[in-house]
Amino acid sequence: MLASGLSICYYKTETTQAANLKSLQTTTIAQANPNQNELINRLLSTRECQGCDLRDVDLEKADLNGVDLSNAILIDADLDQANLSNANLSGANLTDADLEKANLTGANLTGANFTKADLEGANLTNADVTNAEFTDADLEGVTGLSR
């Protein structure tokens, strides 16, 4: 029986696809896209999710090396300490995303939107940041960013 007020439910998705995935996927169903669980499973199994709506997703410490997230919506996503080396994030919207200490080495960030994103301590060595937007982003301690 539910009492009146806000009811928040949590679900967990576990993957064996990424050997270095250290945390379980936990997100709030009330805030999630109804198909988000399927999209996360697709991303982790096929390594691609072009144009997917993954806003508010929690992929902290996930091994996303080489994934294709081109044109994905990653607004408010938690990618803290995620391995996004060689990932394709071209055209992705990462507004307000947490990418603190993320590894973006060699990533394609062409036209990506990092407005107000937290990139503190992230590694962007050899990343392509052509036409990427970093307005009001936290770039403290970022390595490899040349504009």
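Residues numbered from 1 in each chain as written. Predicted model: local features only at pLDDT ≥ 70, side-chain atom pairs only at ≥ 80, totals over all residues. Heavy atoms only, no water.

A. Structural view of the overall build of the protein chain. When you go through the protein chain residue by residue, the secondary structure sums to one helix and two strands. Helices and strands in the protein chain line up, N terminus first, as β-β-α. Across the 147 residues that make up the protein chain, the buried fraction comes to 42%. Across the protein chain, the fraction of contacts at a sequence separation of at least 24, relative to all contacts at a separation of at least 6, is 8%. As displayed, the protein chain offers around 7500 Å² of accessible surface, 43% of which is attributable to carbon and sulfur atoms. (Helix = DSSP H or I, 4+ residues; strand = E, 2+ residues; numbered from the N terminus. Buried < 20%, exposed > 50% of the residue type's maximum accessible area, 1.4 Å probe, protein only. Contact = heavy atoms within 4.5 Å. Areas by Shrake-Rupley, 256 points an atom, 1.4 Å probe, with all protein chains shown as cover.)

B. Expanded view of the state of the cysteines. Summed over all chains, the structure comprises one disulfide. Covalently, cysteine 49 is tied to cysteine 52 through a disulfide, its sulfur atoms 1.9 Å apart. Of note, the bridge from cysteine 49 to cysteine 52 carries an S-S torsion of about -90 degrees and is left-handed in sense. (Disulfide = S-S within 2.5 Å.)

C. Just the nonpolar core, in detail. Core analysis: the biggest nonpolar cluster contains 41 residues, and Leu84, Leu99 and Leu109 have the highest contact counts within it. Not counting chain neighbours up to four residues away, the residues in contact with leucine 109 comprise Leu89, Ser90, Leu104, Phe114, Leu124, Ala127, Asp128, Val129, Thr130 and Ala132. (Core = buried A, V, L, I, M, F, W, Y, C linked by side-chain atoms within 4.5 Å.)

D. Structural detail: the pattern of salt bridges. In the structure shown here, the tally under the stated rule is two salt bridges. Close ionic contact of glutamate 48 with arginine 42 constitutes a salt bridge, the shortest N to O distance being 3.1 Å. Relative accessible area serves as the criterion here: at 23%, glutamate 48 is assigned to the partly exposed category. The closest approach of N and O atoms between arginine 55 and aspartate 53, which form a salt bridge, is 2.9 Å. What makes arginine 55 partly exposed here is its relative accessible area of 32%. (Salt bridge = Lys/Arg side-chain N within 4 Å of Asp/Glu carboxyl O.)

E. A look at helix α1 (residues 36-46). Here α1 has its buried residues at Gln36, Leu39, Ile40, Leu43 and Leu44. Looking down the long axis of α1, one finds its buried residues gathered within 130 degrees of arc, a one-sided arrangement. After α1 finishes, the residue arginine 47 shows a positive phi value of roughly 70 degrees. (Arc of directions from axis to C-beta.)

F. Spotlight on the confidence of the model for the protein chain. Taken residue by residue, the protein chain gives an average pLDDT of 82. The fraction at 70 or more is 76%. Mean pLDDT across the secondary structure elements of the protein chain bottoms out at strand β1 (residues 10-13), with 32, and peaks at α1, with 91. Of the regions scoring below 50 in pLDDT, residues 1-32 engages in 46 contacts with residues more than four places distant in sequence or in other chains. (pLDDT = per-residue confidence, 0-100.)

G. Inspection of the packing of aromatic side chains at higher detail. Throughout the structure, instances matching the rule amount to one aromatic pair. Taking 5.0 Å as the distance between ring centres and 5 degrees as the angle between the ring planes, the aromatic pair formed by phenylalanine 114 and phenylalanine 134 counts as stacked. Separated by 20 residues along the polypeptide, phenylalanine 114 in the segment after α1 and phenylalanine 134 in the segment after α1 bring together distant segments of the chain. (Phe/Tyr/Trp six-rings, centres within 6.5 Å; stacked < 30°, edge-to-face > 60°.)

H. Looking closely at unusual backbone geometry. With a phi angle near 60 degrees, aspartate 76 is a residue other than glycine that sits in the positive phi range. Structurally, aspartate 76 is set in the segment after α1. The phi dihedral of glutamine 81 is positive, around 60 degrees, even though this residue is not glycine.

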